[in-house]
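As a plain string of letters, each chain reads:
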Amino acid sequence: MSSPTQKAILLADYTPFPYLLDHVSLHFKLHPTQTRVTAKLLFVPNPAAPAGQDMRLDGEKLALKSLSLNGKPLAHTPDETGLTIPAADLPKAPFTLETEVEISPQTNTSLDGLYMSGGMYCTQCEAQGFRKITFYPDRPDVMARFDVTMETDMPVQLSNGNPTGPENGRGGAWHDPWPKPAYLFALVAGNLTAYSDHFTTMSGRRVALNIYVRPGDEGKCAYAMDSLIRSMKWDEEVYGREYDLDIFNIVAVDDFNMGAMENKGLNIFNSKLVLATPESATDDDYARIEAVIAHEYFHNWTGNRITCRDWFQLCLKEGLTVYRDQQFSGDMRSHAVKRIEDVLTLRARQFREDGGPLAHAVRPDSYVEINNFYTATIYEKGAEVIGMLKALVGDAGYKSALDLYFDRHDGDAATIEDWLQVFADATGRDLTQFKHWYTQAGTPQVTIIDDFKNGTYTLHLEQKNPATPGQPHKDPKVIPVAVGLLNPSGDEVVPTTVLELTESRQSFTFTGLAARPTPSILRGFSAPVILTRETTPTERAFLLAHDTDPFNKWEAGRALAKDVLIHKITDGAATAPDWLAAIETVTFDETLDPAFRALTLRLPGEDDIAQTLHAAGHVPDPAAIHSARRAMQADLAQHLAPLLPALIASLATPGPFDPGAVAAGRRALRLGALALMARLDGGAAATAAYTSANSMTEQMGALAVLLDIGQGAAQIAAFREQWQSDRLVMDKWFALQVAYAAPDAAAATTKALTQDPDFDWKNPNRFRAVIASLSGNHAGFHAASGDSYRLLADWLIKLDPVNPQTAARMSTAFETWPRYDADRQALIRAQLERINATAGLSRNLGEMVGRMLAA
Ligand code: B3K
Ligand code: ZN
């Protein structure tokens, strides 16, 4: 419902805060329901702001106990969102404002601000949680040095910076020498155990490293610690960035709204991104732990030392830090496989967002609730934009621009303009047109036709930038299109060249060619665009066999599979032999990385097909997509039948578990083969694999295969028995059953699981395991009855008052509603309207639903 809480904040309205904060002292007297927070804030008039302004401090759900200025009590009373001290009451010289407030961490179910999880105190302050801890200018451009002390019986007491007490980092007194915005504040107090190591930085400083977990979980931290040490080393070697405190702490928390948080010197993590053993974590979990540990660590420079001026600049830290963690994972694993996985995620999440009612620019210019903007567009498209910048200025240009960025902006709260300026200054390139990538939403569509005459090959490129909410007209963007050409025997005759498409239409020629070449276009997915080019299955198969660019090699197979699937759906075509033969070749090509082969064997997902059909002007029918995809899988299984048993046997990974990318790739390919085998043997091989599994990847993978063919009831029961006491593994147990439920059973299965005594819906991991798995089950979520839509809406309404951030995030399941037929549209609209009419709806969910309904 539109209300005063739905007021939009505008980038155009930015003004600096009238005071600088020289120093902050915080004292916490911790208590589950009556925590006292004393804050002493030393303010100095800001020379960059007009004098004589009132001071507005943010503050929510705080019981103010005392307020004084330079020791003299003030009588001002706060309102719902903060406290105003009129200019007349403020000295023109530096002054100390002291407040004491009372808060109740135990009843704070939003998991934002100071809250309790499993008996420990912890915090989450990004984006605006600090205002639930004390009255404060809670905005990223107000940066201060903090001293923190606490009183509590909890044996481990942590905050940002370096410990100042005697207890080697476990005492409750901390000093952070680096000025920081409030969103990077953190505090933890609990009964925790440390898994410790150390790192010696490039200048020879010794840094103590600790991962704090619940007693009993110390044995699950080795991989996270190893990832941290590799991240620290990598950032020194690749970006020249050294860590800047004596200690770096990570704490694992069970109740957490997202993955992790980069608080200065005290990262707080969702326990699923820290704890791993071969028996309980999958290869995907390991890869994700490595990537997120790196991401949060890399924020120390891109985010903390250089932060954002305001929340509109969020991509300044997030896009860049995602870009850096992607580079890191590529270096640690395989660049080709990492790129393919990143593009799969980009298309599944960001293209989906960009094509619907929630589309927004990488740097938006308006928001109601900033927590709704931690999106695939800010993060993943934000990273793609940096990849394009690098493609345009080259590796050396990128390096000098980044050096200049760190040099010029260390200690700043910066903007996208600052970021682009360092590239312009370091490389001499005019980035005026490039900036459209930051300010204009939507996925550009690039159409290509080609011709060949007298040895000259020409590519004619055209770009269209579709309208998005609030942005009807767009300018052409600068699009780096990496192209290579192959001759008819499959040799590369023109190596990768970056064409710069800057106009709506532009042609590029290649001369001196003996025969018509086959183009490999958008190599490495050089720009986040939708590329269309009329082509033949033969040409796709040719590229799948010969392309030297691994991304485009995979892309050719992917496009071929999509063509086949779409023909099957739209005109009932039989599965094309070209595709079957091409997949067979790749699957058994031992010169290729097994992880790459596994990705090629994987069919496009159902939501991806729906997105593609919609983009091509069809109305997707979820049930038809589901059955066509299964039919295609069955055809592939038949085609590969004689070869599968040997493949499965050859890919076994006996011996001690190796979490590395090569072994993980073998497991992925083996599971892909087992899924096909299950279509032929009724699940016999998968049952055997389940029984002999010696890692969670194999156990869970085999179970998924069984559930997908409607079996696995015995294994589901045994799995629960085995893992009952491991929360993280039990999340998998919940998720699998919903993800693989048959379309007509998905809502009922979900409902039954929400009635399970272990469905602790206030825990975001558990909630997501069940509810996000329902929306991820495309045919089940879009079952014609509308039961899944209703069930999701029921749960969003129930969760919203308890945890608005997670409720708002889960509501994006509905963002694709305009794609579907009139009946489904009406069913979804009815649910969105029902949510919208709910009394007391949060600003978070209210904004999301409002934007979706406006489509
Ligand atoms: N910066 C945090 C995300 C905060 C989300 C606030 N709703 C984690 C990250 O991106 O590294
Ligand atoms: Zn981040």
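Residues numbered from 1 in each chain as written. Chains lettered and ligands numbered in written order. Predicted model: local features only at pLDDT ≥ 70, side-chain atom pairs only at ≥ 80, totals over all residues. Heavy atoms only, no water.

Remarks on the side chain of Glu290
Of note, Glu290 is situated in helix α2 (residues 283–298). On the accessibility criterion, Glu290 (2% relative accessible area) is buried. A distance of 2.6 Å separates the side chain of Glu290 from the side chain of Arg333, its partner in a polar contact. Leaving out residues up to four positions away in the same chain, Glu290 has contacts with Tyr223, Ser227, Arg230, Phe328, Ser329, Met332 and Arg333. (Helix = DSSP H or I, 4+ residues; strand = E, 2+ residues; numbered from the N terminus. Buried < 20%, exposed > 50% of the residue type's maximum accessible area, 1.4 Å probe, protein only. Polar contact = N/O pair within 3.5 Å; in protein donor to acceptor, adjacent residues only side chain to side chain. Contact = heavy atoms within 4.5 Å.)

Topic: the domain arrangement of the protein chain
Per the domain assignment, the segments of the protein chain are domain 1 (9–191), domain 2 (307–439) and domain 3 (601–655 + 663–853). Taking the mean C-alpha position of each, domain 1 and domain 2 sit 30 Å from one another. Each partner contributes to the interface: domain 1 provides twelve residues, whereas domain 2 provides 22 residues. Buried area between domain 1 and domain 2, both sides added, is near 1500 Å², and the carbon and sulfur share of it is 59%. Among the residues domain 1 hides against domain 2, the three largest losses belong to Ile9, Leu11 and Pro140. Together they make up 40% of the total. Joining domain 1 to domain 2, the criterion identifies one salt bridge. The residue Glu126 makes a salt bridge to Lys317 at a minimum N-O spacing of 2.7 Å. Across the contact surface, domain 1 and domain 2 share five residue pairs in polar contact (both at pLDDT 80 or more). A class-by-class count of the residues in the side of domain 1 that touches domain 2 yields nine nonpolar, one polar and two charged. (Domains from an automatic or database assignment. Buried area = accessible area lost by both parts, 1.4 Å probe. Salt bridge = Lys/Arg side-chain N within 4 Å of Asp/Glu carboxyl O. Nonpolar A, V, L, I, M, F, W, Y, C, P; charged D, E, K, R; others polar.)

With respect to helix α15 (residues 661–681)
Between the first and last C-alpha of α15 there are 29 Å, a value that for 21 residues agrees with the 30 Å anticipated at 1.5 Å per step. Those residues of α15 lying buried are Ala663, Ala664, Gly665, Arg667, Leu669, Arg670, Leu671, Ala673, Leu674, Leu676, Met677 and Ala678. Phi turns positive, to about 65 degrees, at Gly682, one or two residues after α15. (Expected span 1.5 Å × (residues − 1).)

So, the nonpolar core
Soluble globular proteins tend to pack their nonpolar side chains together in the buried interior. Grouped together as the largest cluster of nonpolar side chains are 259 residues, with contacts concentrated most on Phe28, Trp419 and Phe434. Of all the elements, helix α5 (residues 376–409) adds the most residues to this core, at 13 residues. When sequence neighbours within four positions are dropped, the list of residues in contact with Phe434 reads Val385, Met388, Leu389, Leu392, Leu420 and Val478. (Core = buried A, V, L, I, M, F, W, Y, C linked by side-chain atoms within 4.5 Å.)

Some thoughts on the environment of Arg667
Mapped onto the elements, Arg667 comes out in helix α15. Spatially, the C-alpha atoms of Arg667 and Lys762 are 34 Å apart, while their sequence positions differ by 95 residues. In this structure, Arg667 is in contact with Asp283, Thr653, Phe657, Asp658, Pro659, Ser695, Thr697 and Glu698, ignoring residues within four places of it in sequence. Polar side-chain contacts of Arg667 include one of 2.8 Å to the backbone oxygen of Asp658.

Some details on empty space enclosed by the protein
Following the criterion strictly, the structure yields three cavities of 30 Å³ or more and no others. Counted as a void, the largest cavity has a volume near 80 Å³. Lining of the largest cavity is provided by Ser117, Gly118, Met120, Val213, Arg214, Asp217, Ala252, Val253, Asp254, Ser271 and Leu275. Among the residues forming the lining of the largest cavity, the class breakdown is five nonpolar, three polar and three charged. (1 Å grid on protein atoms, 1.4 Å probe; cavity = no way out; pocket = protein on both sides within 12 Å on 5 of 7 lines; lining within 4 Å. Points joined across faces, edges and corners; volume = space filled by probe spheres on them.)

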